[in-house]
Number of protein chains: 2
Amino acid sequence: MRNTEQKSLILEVLQTHKDHPTADQVYNEVREKLPKISLGTVYRNLEKLSSAGIIMKLEIGGGQKRFDPNPMGHSHFRCLSCSSVEDLPHDFKIDLPEIPDGNRVVLGTTLEYYGYCEECAATRQLH
Amino acid sequence: MRNTEQKSLILEVLQTHKDHPTADQVYNEVREKLPKISLGTVYRNLEKLSSAGIIMKLEIGGGQKRFDPNPMGHSHFRCLSCSSVEDLPHDFKIDLPEIPDGNRVVLGTTLEYYGYCEECAATRQLH
DNA sequence: CTTAGTATAGTAATAGTTATCAATAAGCTT
DNA sequence: AAGCTTATTGATAACTATTACTATACTAAG
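This structure is a prediction, so every number in the text was calculated from the model and none was measured. (Residues numbered from 1 in each chain as written. Chains lettered and ligands numbered in written order. Predicted model: local features only at pLDDT ≥ 70, side-chain atom pairs only at ≥ 80, totals over all residues. Heavy atoms only, no water.)

> Help me understand the pattern of salt bridges in this model?
Applying the stated criterion to the full structure yields six salt bridges over all chains. Two residues, glutamate 86 of chain A and arginine 104 of chain B, come together in a salt bridge whose shortest N-O distance is 2.9 Å. Of this pair, glutamate 86 of chain A sits in strand β4 (residues 85-87) while arginine 104 of chain B sits in the loop between β4 (85-87) and β5 (105-116), which puts the two residues in different chains. When its relative accessible area of 25% is taken as the criterion, glutamate 86 of chain A is described as partly exposed. With relative accessibility at 12%, the residue arginine 104 of chain B sits in the buried group. For the salt bridge of lysine 57 of chain B with glutamate 47 of chain B, the shortest nitrogen-to-oxygen distance reads 2.9 Å. In this pair, lysine 57 of chain B is assigned in strand β1 (residues 56-58) and glutamate 47 of chain B in helix α3 (residues 39-51), connecting sequence segments 10 residues apart. (Salt bridge = Lys/Arg side-chain N within 4 Å of Asp/Glu carboxyl O. Helix = DSSP H or I, 4+ residues; strand = E, 2+ residues; numbered from the N terminus. Buried < 20%, exposed > 50% of the residue type's maximum accessible area, 1.4 Å probe, protein only.)

This is the structure we're talking about:
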């Protein structure tokens, strides 16, 4: 994997995020510094970075894929109203049960909470 | 919600499934009995049935949405190779931790296991 | 410097899903 | 059972997110 200005900037932009932007959000931010970059380049590099284990691709509910600067396993909260995705503090331990049937190969798990985020929950109260 | 031949057949087809077909799989099966049905009708009815809580829409990793005849909460196993999605037997209890921050409204959780299904795991052994 | 291999921008193509709309069918109400 | 109202349908267009293609530009090694 060759290092290019585009790739470094994409990674840098993603790593300033506490949340989990979509490819086009990253694209728009990167364009501020590199206006000629193409959306395809953003997709390609996000893909490469995630298959190299540097970032994490979230194939989570809702339309678009999202990208997480932190590749370590942790769970997410997805807002059904504004579609934002937040990390959940994972100081607590989850003991996931073993799957009974031993012939599958289990590589990992995804735990997702969904509902309304703090902001949207507050807005809904007003109605 | 008005009852139509199309809707009943879509539900019936889905309920004969142990797995979790995509909209176009349902479409193809329904077409055997109702050749003039349109794909839009299938999407529309799957959407209605799921927002009525009769079935469940799975917005799970991988390209397409899948539909589950069983709306009760249970977890899924997704095969990274053949993309199939199976129910996991849920006789075991999972105690999911409470989310610390009380200002979110948590409506539910999704727990997904991924890896290689029995069949694909066996094939991979051969290589 | 040449060359071979990558990466890029720009654009076209694809896949999955949703929206539009005139025609039809359901399900009251009498 | 006939008429009325409104939801639903099939057909198709539109849309969104993502991937593929292609000619050009860059990089590192010999």
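> Can you help me understand the packing of helix α2 (residues 23-33) of chain B against α3 of chain B in this one?
How two helices sit against one another is set out by the angle between their axes and by the gap between those axes. Residue and element names in this part refer to chain B. At a closest axis distance of 9 Å, the pairing of α2 and α3 adopts a crossing angle of 120 degrees. Taken together, the axes of α2 and α3 lie oblique to each other. Both α2 and α3 take part in a crossing whose hand is right-handed. On α3, the residues touching Ala23, Asp24, Val26 and Tyr27 of α2 are Leu39, Val42, Tyr43 and Leu46. Looking at side-chain class alone, the contact of α2 with α3 contains seven nonpolar, no polar and one charged residues. (Axes fitted to C-alpha atoms, helices over the stretch in contact; angles between N-to-C directions. Parallel < 35°, antiparallel > 145°, perpendicular 65-115°, else oblique. Left-handed = near helix turned anticlockwise from the far one by under 90°. Contact = heavy atoms within 4.5 Å. Nonpolar A, V, L, I, M, F, W, Y, C, P; charged D, E, K, R; others polar.)

> Please explain the protein's contact with DNA strand D as it appears in this structure.
The immediate surroundings of DNA strand D are formed by 17 residues, with Tyr43 of chain A together with Thr4, Thr41, Arg44 and Lys48 of chain B found nearest. The protein-proximal atoms of DNA strand D, defined as those within 4 Å of the protein, are 75% sugar or phosphate. Within the backbone of serine 38 of chain B, a nitrogen or oxygen atom sits 3.4 Å from a phosphate oxygen of DNA strand D. Contributing elements (two or more residues each) for the surface near DNA strand D: α3 (39-51) of chain A together with α1 (5-15) and α3 of chain B. A total of four residues in the surface near DNA strand D trace back to one element, the largest contributor, which is α3 of chain B. Grouping the amino acids of the surface near DNA strand D by side-chain chemistry returns four nonpolar, six polar and seven charged. (Near = heavy atom within 4 Å. Polar contact = N/O pair within 3.5 Å; in protein donor to acceptor, adjacent residues only side chain to side chain.)

> What is the right way to look at helix α2 (residues 23-33) of chain A in this model?
Every α-helix winds through 3.6 residues per turn, so residues three or four apart in the chain are directed the same way. All names here are of chain A. Among all positions of α2, only Ala23, Val26, Tyr27 and Val30 are buried. With its buried residues spanning 105 degrees around the axis, α2 presents them on a single face. Close packing links the buried residues of α2 with α1 (5-15), α3 and β2 (66-68). (Arc of directions from axis to C-beta.)

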